[in-house]
Amino acid sequence: MDHERLEALRAKYKGAGATAIADPVFAEAAGSAFDSEGRRRMPFGGLPTLLDFPAVNDLSELDIALVGIPMDLGVTNRTGARFGPRALRTIERIGPFNHGLRVTPGTHERIGDVGDVPLQSRYSLSQSMADIETEFARLHQAGLRTLAVGGDHSVTYPILKALGADAPLGMVHIDAHCDTAGPFEGEKFHHGGPFRLAVLDGVLDPARSIQIGIRGASEYLWEFSTDAGMTVVHAEAVDEMGIEALIAQVLDVIGTGPTYVTIDVDGIDPAYTPGTGTPEVGGLTPREVQRLLRGLAAANIVGGDVVEVAPQYDPSSNTAQVGAQMLFEILSLMALTHRRDSHGSK
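Summarised in this report is the structure supplied together with it. Since the model is a prediction, treat every value here as computed from it, not as a measurement.

### Some thoughts on the pattern of salt bridges
- Inspection of the entire model under this criterion finds 13 salt bridges.
- Of the charged contacts in the structure, one is a salt bridge between Glu 109 and Arg 339, with a shortest N-O distance of 2.9 Å. One end of the pair, Glu 109, is in the loop between α3 (84–89) and β2 (111–116); the other, Arg 339, is in helix α11 (residues 318–345), with 230 residues separating them in the sequence.
- The salt bridge partner of Glu 244 is Arg 291, with a shortest N-O separation of 3.2 Å. Here Glu 244 is found in helix α9 (residues 243–254), whereas its partner Arg 291 is found in helix α10 (residues 286–294), with 47 residues between them in sequence.
- Glu 244 sits in the exposed class, given a relative accessible area of 52%.
- Taking relative accessible area as the criterion, Arg 291 reaches 42% and is therefore assigned partly exposed.

Laid out in structure tokens, this is it:
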């Protein structure tokens, strides 16, 4: 080793603490992770919250609200996603720095876990839909952007009703299933049909919606997607086109308008996310989904959710780990959008 370089490194780093970091982006990340005495919070201590952000009751203290929705009355196969929010709250060491996007969410925007939607009935699916819409309308009217953890995928419909009430949203939807079916057995509220309902209600713009990772034996149920003008990208097409081409297609579809990101963990292959109610072999890898999301850094991402984590089928906790990481990826995109909007409003 060059002696002069070694002496320079010794002069710079000998005796320096963990937070003595020159790169301003890295220094900002370290500032959010360490306290004034150079200690980090113990990941195994304290009360668990979504992505370790503080529990907050006063909405005036927030820009982005993290919300749990412990409801799975809309599933058609295995139940258990009602425990998804609790499972994701137990996952530690996600963030604070997103190295792919070079952003530390929470350093320029106020983020907090506002708890779970106050559901009035553990039995009534229709009442739960109303409760979710009411809560997200309240958060939206308070000027907050929202990032939710389900629960089954039926919960996204009332969220879209609340957030898209003023103008329809675009959508990036990662899933094994299009979820645009009609009523099943007399019930229109179920996890196989939220996006048909949202389009018909005028809160979701099908021309600005893209559904990615679609596969499995339920293809015959998704005719509405193509009839409505949604872009459907099957899982095998992702292999054929590659992630960079897929990112370009997504950006072309959603344009510059406000866009919602929704991730059903069954969009990812069950080798990585076995803890879900309707697993489908042949899905995307977590790294592919990360690359896709990070390619949307310039998009106008105003909300999102991660759904269908059912921890009782997740013996390794991999599903919850992947789900929490995807939640952080969406949050990072929302932070970038918030910063652009805040800068433009000055």
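### A look at the packing of aromatic side chains
- Per the counting criterion, the structure on display carries two aromatic pairs.
- The ring of Tyr 313 has Arg 78 sitting right over it, with the charged end atom 4.0 Å from the ring centre.

### A look at a nonpolar patch on the surface
- A cluster of nonpolar side chains, namely Met 1, Leu 9 and Tyr 13, defines an oily patch on the protein surface of about 350 Å² accessible area.
- Within the secondary structure, Met 1 is located in the segment before α1 (3–13).
- The exposure class assigned to Met 1 is exposed, which follows from its relative accessible area of 74%.

### Let's talk about the pairing of strand β7 (residues 259–264)
- For β7, a buried count of six out of six residues is recorded, marking the element as mostly surrounded by other parts of the structure.
- Side chains of β7 alternate between two faces, with Thr 259, Val 261 and Ile 263 and Tyr 260, Thr 262 and Asp 264 buried alike.
- For β7 and strand β8 (residues 301–307), the ladder comprises six bridges, and the chain directions are parallel. Looking across to β8, one finds that Thr 259 is bridged to Ile 301.

### Comments concerning the packing of helix α4 (residues 125–141) against helix α5 (residues 156–163)
- It is at 8 Å that the axes of α4 and α5 come closest, and there the two elements cross at 35 degrees. Crossing of α4 over α5 shows right-handed handedness. Every residue of α5 that contacts α4 at Met 129, Ile 132, Glu 133, Phe 136, Ala 137 and His 140 is listed here: Tyr 157, Pro 158, Ile 159, Lys 161, Ala 162 and Leu 163.

### Thoughts on the nonpolar core
- Residues Ile 212, Val 250, Ile 263 and Leu 293 are the most contacted members of the largest nonpolar core, which totals 50 residues.
- Residue contributions to this core peak at 11 residues, all from α11.
- For Val 250, the residues in contact, after removing those within four places along its chain, are Val 172, Ile 210, Ile 212, Leu 292 and Leu 296.
- Counting 37 residues, the second-largest nonpolar core is a separate cluster that includes Val 56, Phe 136, Leu 163 and Val 307.

### Focus: the layout of surface pockets
- Considering only enclosed or pocket space, the largest pocket measures out at about 680 Å³ in volume.
- Looking at the largest pocket, it is lined by 22 residues, and the ones nearest its centre are Ala 33, Arg 40, Asp 52, Gly 95 and Pro 96.
- Here the lining of the largest pocket gets four residues from one element, more than from any other, and that element is helix α2 (residues 24–33).
- By residue class, the composition of the lining of the largest pocket is 13 nonpolar, four polar and five charged.
- Approximately 240 Å³ is the volume attributed to the second largest pocket.
- Thr 76, His 191, Ser 218, Trp 222 and Thr 278 are, among the 15 residues lining the second largest pocket, the residues nearest its centre.
- Tallied by class, residues from the lining of the second largest pocket come to three nonpolar, seven polar and five charged.

Rules of the game
Residues numbered from 1 in each chain as written. Predicted model: local features only at pLDDT ≥ 70, side-chain atom pairs only at ≥ 80, totals over all residues. Heavy atoms only, no water. Salt bridge = Lys/Arg side-chain N within 4 Å of Asp/Glu carboxyl O. Helix = DSSP H or I, 4+ residues; strand = E, 2+ residues; numbered from the N terminus. Buried < 20%, exposed > 50% of the residue type's maximum accessible area, 1.4 Å probe, protein only. Phe/Tyr/Trp six-rings, centres within 6.5 Å; stacked < 30°, edge-to-face > 60°. Lys NZ or Arg CZ within 6 Å of the ring centre and 35° of its normal. Patch = residues over 30% accessible without salt bridge, like charges linked within 9 Å, V, L, I, M, F, W, Y side chains within 5 Å. Areas by Shrake-Rupley, 256 points an atom, 1.4 Å probe, with all protein chains shown as cover. Pairing = 2+ DSSP bridges. Axes fitted to C-alpha atoms, helices over the stretch in contact; angles between N-to-C directions. Left-handed = near helix turned anticlockwise from the far one by under 90°. Contact = heavy atoms within 4.5 Å. Core = buried A, V, L, I, M, F, W, Y, C linked by side-chain atoms within 4.5 Å. 1 Å grid on protein atoms, 1.4 Å probe; cavity = no way out; pocket = protein on both sides within 12 Å on 5 of 7 lines; lining within 4 Å. Points joined across faces, edges and corners; volume = space filled by probe spheres on them. Nonpolar A, V, L, I, M, F, W, Y, C, P; charged D, E, K, R; others polar.

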